[in-house]
Amino acid sequence: MSFYVTTPIYYVNSTPHIGHAYTTVAADIVARHHRQRGESTFFLTGTDEHASKVARVAAEEGLDPKEYADRIVEHWRALPERLNATHDFFIRTTDEGHKRFVQEFLQRIYDNGDIYEDTYAGLYCVGCEAFKNEDELVDGLCPIHGTKPEWIEEKNYFFKLSSYQDKLLALYDSNPGFVLPANKANEARSFIAGGLEDFSVSRAGQPWGVPIPWDETQVTYVWVDALINYVSALTYARDGEDLREEFWPDVRHLLGKDILRFHCVFWPALLLAAGYEPPKQLFVHGFLLLDDKKISKSVGNIIDPLDLIDIYGVDPLRFYLIREVPFGQDGSASLDGVGERYDRELANDLGNLLSRATAMIAKYRDGRIPIAPVEGEGERIAALQAEVSAKLDRFDLTGALEDLWAYVRELNGYVTKTKPWELAKDEANAAELDTVLFTLADGIRALAVALSPFLPDTGPRILAALGQPDDLAWENVAYGRTVATEGLEPAAPLFPRIELPTAA
Ligand code: MSP
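Each chain carries its own residue numbering, running from 1 in the direction its sequence is written. Local features in this predicted model are restricted to residues of pLDDT 70 or higher, and side-chain atom pairs are both shown and tallied only at a pLDDT of 80 or more, whereas totals for entire chains, interfaces and linings draw on every residue. To obtain the side-chain values, all non-hydrogen atoms of the structure were included, while hydrogens and water were left out.

Another point: the sheet that holds strand β7 (residues 150-159). Strand pairing is assigned whenever DSSP detects at least two bridges linking the two strands. Under the scheme used here, helices are H or I runs from DSSP no shorter than 4 residues and strands are E runs no shorter than 2 residues, and both carry numbers assigned from the N terminus. Spatially, β6-β5-β7-β9 is the arrangement adopted by the 4 strands of the open sheet, whose pairing is antiparallel. A single partner strand is all that each edge strand has here, and the edge strands are β6 (130-132) and β9 (199-200). Here 2 bridges tie β7 to β9, and the two strands are oriented antiparallel to one another. If you follow F158 over to β9, its bridge partner there is S200. Residues are treated as being in contact if the distance between any of their heavy atoms lies within 4.5 Å. Axes here mean lines fitted to C-alpha atoms, for a helix over just the part in contact, with angles spanning 0 to 180 degrees between N-to-C directions. Those strands touched by helix α10 (residues 260-273) are β6, β7 and β9, and its axis lies near 35° from that of β7.

Following this line, the structure appears as structure tokens:
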């Protein structure tokens, strides 16, 4: 089995923010999960550099666009690193390998007769990097950017999107999971059913971009250049290997709802036109709106939410992003929310569970986890395991995490109910106490493995605290895999109390 997941490639006209982190974290969680299932996995992220807004910002700074991109790209390379994301390749659309591939790809569509020349006149929003119809504007302004689009009239090359309407409808109708969630599939399908207009795939008289191979006075339209990254990367990410054989079309694209049309309509049509299979699946997530009103009140002078990583660590931020807002829906997050969930869920629910279990194993069994599996007990965890991977398969990341958290709470409830400290008072209860301690240790161990895609630092720390092998393979979530230990000590707090920096 192979699994290929992508994030959108991010514009380099400014530095990363929490919204970009959101998609990268989500992609990393599914990539880690498929890896732990033993699948051959490829995770791609990177930067979209040939935008006119990039050329504009560079000019403002008195730099050549490439020089500017080379500087700012370091912030973008740092984003997945800071998030502990395990991407296999970081693509830049200014890579020579990418540019060469874009030219080849366009040439194929041209040779197939789906690109023609025409004169274009229309309103162009640089923020969206897209032409706008009058009826998409509000008081003559782009409703997303609040800016006045520019009138552009030029000779361009056009892609015959209109001839792909039936093929695209057939793709949607024969494949109900093609776009998820279902409401986003409906949105894309209705857009297609409403009639498709051909669109311009080139821009005239601009030096910044990939030249059109048969007419070097034009460069490729930035969106076409950008979308092609999902295939181009496979051709040069690994020296001497063509990863298309293994990973195309087995790809899952993750994207925000702002770029649905480009991905769910234009991209499959471009692929078909160039003789490629369309992508296997696209998941469109919502927007995370950040309520930053509380910034000065509680998290001091931290302005950039990504800086919360420096305060709480990366796992708590990853946890919060996925837990707070159901993945796929819009929702609001707050800077305070990270700290609240840190205390209530990570430190109390999970951290205390581990501390209590290890303290009791140390105290009552001299640090030896009693290996005392109970007949028939494996079913609960097997059901959980199946449910979590099924949810992750449909990108219900929040649902999967909630299922795991329900088990954290269940184990806490088990401690309260079985009262091991009472059992320990009477040697006659020794077998029962063994069962309780084993059930706790084994349950926490299974959780560590299952939670590790979400909490990649914490999972292995829990395994170490329990004296268990650092093996995150998915089959190890199964009941009863705990190995004997010697001299286990009470675990240090997983999530210690954090002193917040005080407001300036
Ligand atoms: N360069 C294009 C994408 C080309 S992909 C072939 C682009 N770049 S972007 O820098 O604007 O980033 C877009 C993506 O960042 C969104 O689709 C989404 O995945 C993510 N997000 C940016 N802000 C976001 C939020 N506030 N909330 C959630 N995700 C958001 O568009």
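Having seen it, we continue.
Only centres within 6.5 Å qualify two rings of Phe, Tyr or Trp (six-membered ring in Trp) as a pair; their planes then separate them into stacked at under 30 degrees, edge-to-face at over 60, and tilted for everything else. Under the criterion given, the structure shown has 30 aromatic pairs. Between F159 and F199, the ring centres sit 5.7 Å apart and the planes meet at 70°, which makes this aromatic pair edge-to-face. Residue F159 is located in strand β7, and its partner F199 is located in strand β9; the two are separated by 40 residues in the primary sequence. Each member of the pair, F159 together with F199, is buried. Among the aromatic residues, those joined into a cluster by ring pairs are Y4, F42, F101, F105, Y230, F247, W248, W267 and Y276. In this scheme, a residue with accessible area under 20% of its type's maximum is buried, one over 50% is exposed, and one in between is partly exposed, where area comes from a 1.4 Å probe on protein chains only.

Here we take up the layout of surface pockets. Rolled over the atoms, a probe with the dimensions of a water molecule shows which regions are left empty. Taken as a whole, the second largest pocket encloses approximately 230 Å³ of empty space. Of the two site types, the cavity is a set of points on a 1 Å grid over the protein atoms alone where a 1.4 Å probe fits but cannot get out, and the pocket is an open set with protein on both sides within 12 Å along at least five of seven lines, each lined by residues with an atom within 4 Å of a point. Surrounding the second largest pocket, 15 residues form its lining, E377, Y407, L411, T439 and Y479 being those nearest its centre. Those elements that place two or more of their residues in the lining of the second largest pocket are α15 (378-393), α16 (397-418) and α18 (430-451). A total of 5 residues in the lining of the second largest pocket trace back to one element, the largest contributor, which is α18. All residues other than Ala, Val, Leu, Ile, Met, Phe, Trp, Tyr, Cys, Pro, Asp, Glu, Lys and Arg, Gly among them, are scored as polar; the first ten of these are nonpolar and the last four charged. Here the lining of the second largest pocket is composed, by residue class, of 8 nonpolar, 3 polar and 4 charged. Grid points are joined across faces, edges and corners, and a volume is the space filled by probe spheres set on the points.

Here we come to the pairing of strand β14 (residues 281-285). With respect to burial, β14 is a largely interior element, 5 of its 5 residues being buried. Residues Q281, F283 and H285 line one face of β14 and the alternating positions L282 and V284 line the opposite face, and both faces are buried. Here strand β8 (residues 179-180) runs beside β14; their pairing, made up of 2 bridges, is parallel. Along β14, the bridge assignment pairs V179 with L282. Relative to β14, strand β13 (residues 251-256) runs parallel, the two being bridged by 5 bridges.

Let's shift gears to unusual backbone geometry. Here the bond from L180 into P181 is cis, since omega is -10°, no more than 30 degrees from zero. For P181, the location among the structural elements is in the loop between β8 and α6 (182-193). The omega torsion of the bond from W248 to P249 falls at 5°, within 30 degrees of zero and hence cis. Assignment of secondary structure puts P249 in the loop between α9 (244-247) and β13. One non-glycine residue, F395, lies in positive phi territory at about 65°.

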